[in-house]
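Topology and contacts: notes
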Amino acid sequence: MSLPTTDDAELRTSDTAEQMWDLVEDGNPAEARRTYPSGWLWLTGEESIRTLLAALLSADTDARYGIDDLASRSELDESAVEEAIDALLSLGVLVADEGAYRVNTHSVVYRMAADLSEAVEATGAPDDESGFEYLARLESVRLMLDALLEAEPDQSLTQEEVHQLTGVSRKRVWLHVEKLVDLSVLEESGDEYVVAPFGPVLRLVQSLDAAVVGATLATSHP
């Protein structure tokens, strides 16, 4: 697993955002967002990376972990863990330590993910998964949050506009937009949804997105 610039995808930055919007206007917004993923969408779009990061949020930050330990914590197979480790090393979430790995508590990506997880859990996420995993496990929700990264507070959207911006089916928008209401990302206003001006979850998603982009650019340009 490498940083998010491959033959199939290029990290969305100020230089590539226009290309993403060109694809959105061509009629395939979901594919456009996957082709030019935000830091948020790239980090959460790969199950192995998302799951291992979620497991690390409750790990002992003073401990050293082997691949088998991380596989046990995350319930991933060892090959998936090895791929995810590569990405999380590149983002500074993990550091290598004598054949094992430690959580880097100084990593901005790690801190933002931990803060986001706590904010989601404060809204009543299920007890059997972290707030981070609860927020990020559904692609429909990931894509809707991706579309809200640059939204202005109090901006209003209809379900149809969310569908057009994300490519999420109308049925799935209808099914999952209430999750964002429950998390105080959006507020209902008649037939529309308004971006909540003081909701911590969206603010922390935006911060995590910026942290991933920043870590990626720092790695690419030493």
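Quick note: structure is the one above.
Figured I'd write up the structure that's included with this text. Keep in mind the model is a prediction, meaning the values are calculated, not measured. (Residues numbered from 1 in each chain as written. Predicted model: local features only at pLDDT ≥ 70, side-chain atom pairs only at ≥ 80, totals over all residues. Heavy atoms only, no water.)

1. Re the packing of aromatic side chains
All chains considered together, the criterion is met by zero aromatic pairs. Seen from the ring of Tyr134, Lys179 lies directly overhead, with NZ or CZ sitting 4.0 Å from the centre. (Phe/Tyr/Trp six-rings, centres within 6.5 Å; stacked < 30°, edge-to-face > 60°. Lys NZ or Arg CZ within 6 Å of the ring centre and 35° of its normal.)

2. Overview of the nonpolar core
Core analysis: the largest hydrophobic core is formed by 68 residues, its most contacted members being Trp40, Leu43, Leu116, Leu135 and Leu208. Residues in contact with Leu116, not counting those within four places in the same chain, are Trp40, Phe132, Leu135, Val201, Leu204, Val205 and Leu208. (Core = buried A, V, L, I, M, F, W, Y, C linked by side-chain atoms within 4.5 Å. Buried < 20%, exposed > 50% of the residue type's maximum accessible area, 1.4 Å probe, protein only. Contact = heavy atoms within 4.5 Å.)

3. Some points on the sheet that holds strand 4 (residues 186–189)
A sheet is described by the order of its strands in space; here three strands give the open sequence 3-5-4, paired in antiparallel fashion. Bordering the open sheet on either side are strand 3 (156–158) and strand 4, each of which pairs with just one other strand. Ignoring which end each strand starts from, the neighbouring axes of this sheet average 35° apart. One ladder, built from four bridges, connects strand 4 with strand 5 (residues 192–195); its direction is antiparallel. In the sheet register, Ser189 faces strand 5, and the bridge partner there is Glu192. Together, strand 3 and strand 5 form the strand contacts of helix 10 (residues 159–166), whose direction differs from that of strand 3 by roughly 85°. (Pairing = 2+ DSSP bridges. Helix = DSSP H or I, 4+ residues; strand = E, 2+ residues; numbered from the N terminus. Axes fitted to C-alpha atoms, helices over the stretch in contact; angles between N-to-C directions.)

4. Some details on the pattern of salt bridges
Throughout the structure, instances matching the rule amount to 10 salt bridges. Ionic pairing is found between Asp146 and Arg33, a salt bridge with its closest N-O pair at 2.8 Å. Note that Asp146 is positioned in helix 9 (residues 139–147) and Arg33 in helix 2 (residues 29–35), a separation of 113 residues in sequence. Here Asp97 and Arg102 are joined by a salt bridge, their closest N and O atoms 2.9 Å apart. Each of Arg64, Asp97, Glu98 and Arg102 takes part in salt bridges that share partners, so that together they form one network. (Salt bridge = Lys/Arg side-chain N within 4 Å of Asp/Glu carboxyl O.)

5. Things to note about unusual backbone geometry
The residue Glu98 is not glycine, and still its phi comes out positive at about 55°. The backbone of Ser184 sits at a positive phi, close to 60°, despite the residue not being glycine. Its place among the elements puts Ser184 in the loop between helix 11 (170–182) and strand 4.

6. Thoughts on the environment of Leu180
With respect to the helices and strands, the residue Leu180 is situated in helix 11. Spatially, the C-alpha atoms of Leu180 and Pro153 are 14 Å apart, while their sequence positions differ by 27 residues. The contact partners of Leu180, leaving out residues within four places of it in the chain, are Val141, Met144, Leu145, Leu148, Val185 and Leu186.

7. Considerations on the packing of helix 4 (residues 47–56) against helix 6 (residues 78–90)
One way to put it is that helix 4 packs onto helix 6 with a least axis distance of 9 Å and a crossing angle of 75°. Overall, the two elements helix 4 and helix 6 adopt an arrangement that is roughly perpendicular. Contacts between helix 4 and helix 6 involve Ser48, Ile49, Leu52, Leu53 and Leu56 from the former and Ala80, Val81, Ala84, Ile85, Ala87 and Leu88 from the latter. Grouping the amino acids of the contact of helix 4 with helix 6 by side-chain chemistry returns 10 nonpolar, one polar and no charged. (Parallel < 35°, antiparallel > 145°, perpendicular 65-115°, else oblique. Nonpolar A, V, L, I, M, F, W, Y, C, P; charged D, E, K, R; others polar.)

Shape descriptors only; they carry no functional weight alone.
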